[in-house]
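Now for the letters of each chain:
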Amino acid sequence: MLYGKEHVRRYRETDGAEGHDWNGTTVLLLTTKGRTSGDPYTTPLIYQRHGDDLVLVASKGGDPDHPDWYKNLRAEPEVEAQVKGDRFKARARTATPEERPELWRLMAAAWPDYDEYTKKTDREIPIVVLERTR
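Note that the structure is predicted; figures quoted are calculated from it, not measured. (Residues numbered from 1 in each chain as written. Predicted model: local features only at pLDDT ≥ 70, side-chain atom pairs only at ≥ 80, totals over all residues. Heavy atoms only, no water.)

Draft legend 1. Just the packing of aromatic side chains, in detail. All told, the structure shown has four aromatic pairs when counted by the stated rule. Consider the rings of Trp-22 and Trp-111, whose centres lie 5.4 Å apart with planes at 25°: the pair is stacked. Pair noted here: Trp-22 is in strand β1 (residues 21–22) and Trp-111 is in the loop between α3 (100–110) and α4 (113–117), with a separation of 89 residues, a long-range link. Trp-22 sits in the buried class, given a relative accessible area of 17%. For Trp-111, a relative accessible area of 14% puts it in the buried group. With 6.3 Å between their ring centres and 85° between their planes, Trp-69 and Tyr-70 make a pair best called edge-to-face. Residues Trp-69 and Tyr-70 agree in their burial class; the two are buried. Linked through ring pairs, Trp-104, Tyr-114 and Tyr-117 together constitute an aromatic cluster. Looking at Arg-132, its charged tip hangs above the ring of Phe-88, at a distance of 4.1 Å from the centre. (Phe/Tyr/Trp six-rings, centres within 6.5 Å; stacked < 30°, edge-to-face > 60°. Helix = DSSP H or I, 4+ residues; strand = E, 2+ residues; numbered from the N terminus. Buried < 20%, exposed > 50% of the residue type's maximum accessible area, 1.4 Å probe, protein only. Lys NZ or Arg CZ within 6 Å of the ring centre and 35° of its normal.)

As structure tokens, then:
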């Protein structure tokens, strides 16, 4: 099973032929700028389409702390994404309270474990919307 850096490497090498379809769902690569280092970090993440936007969940498996990629995009919302062979720039934002219920249902349908993760943490797990900029 692909995971972490190996997932990123294989996804990039094959333009997502390996790694986009993963465990019954879909994965993109998100590259954020490190909030302290300024270095680029690429993370494979489950996503779904919602209109023209892409939706992610900052779950970290229900950990009490946000994942680093989410902390990074909060500090610098201009990110890069790759869906299969399509690489593009995007602006990341946290879903509004009004958007959240619909987007949570979308993501939980794609990865039912998200509902379980909410039981492991007291934090509200953020939903991220990627809006393509070019």
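Having seen the structure, we can now continue with the description.
Draft legend 2. Structural context of the pattern of salt bridges. Summed over the entire model, instances satisfying the criterion amount to 15 salt bridges. Two residues, Asp-65 and Lys-71, come together in a salt bridge whose shortest N-O distance is 2.6 Å. The class of Lys-71 is partly exposed, set by a relative accessible area of 22%. Two residues, Lys-89 and Glu-80, come together in a salt bridge whose shortest N-O distance is 2.7 Å. (Salt bridge = Lys/Arg side-chain N within 4 Å of Asp/Glu carboxyl O.)

Draft legend 3. Representation of helix α1 (residues 4–13) within the structure. Of all the positions in α1, only His-7, Val-8 and Tyr-11 are classed as buried. Angularly, the buried residues of α1 cover 100° about the axis, an arc narrow enough to put them on a single face. Those residues of α1 that are exposed and aimed more than 90 degrees away from the buried face are Lys-5 and Glu-13. Those residues of α1 that are buried are in contact with β1, β2 (25–33), β3 (40–46) and β6 (78–83). Of the residues flanking the end of α1, it is Asp-15, one or two places downstream, whose phi is positive at about 50°. (Arc of directions from axis to C-beta. Contact = heavy atoms within 4.5 Å.)

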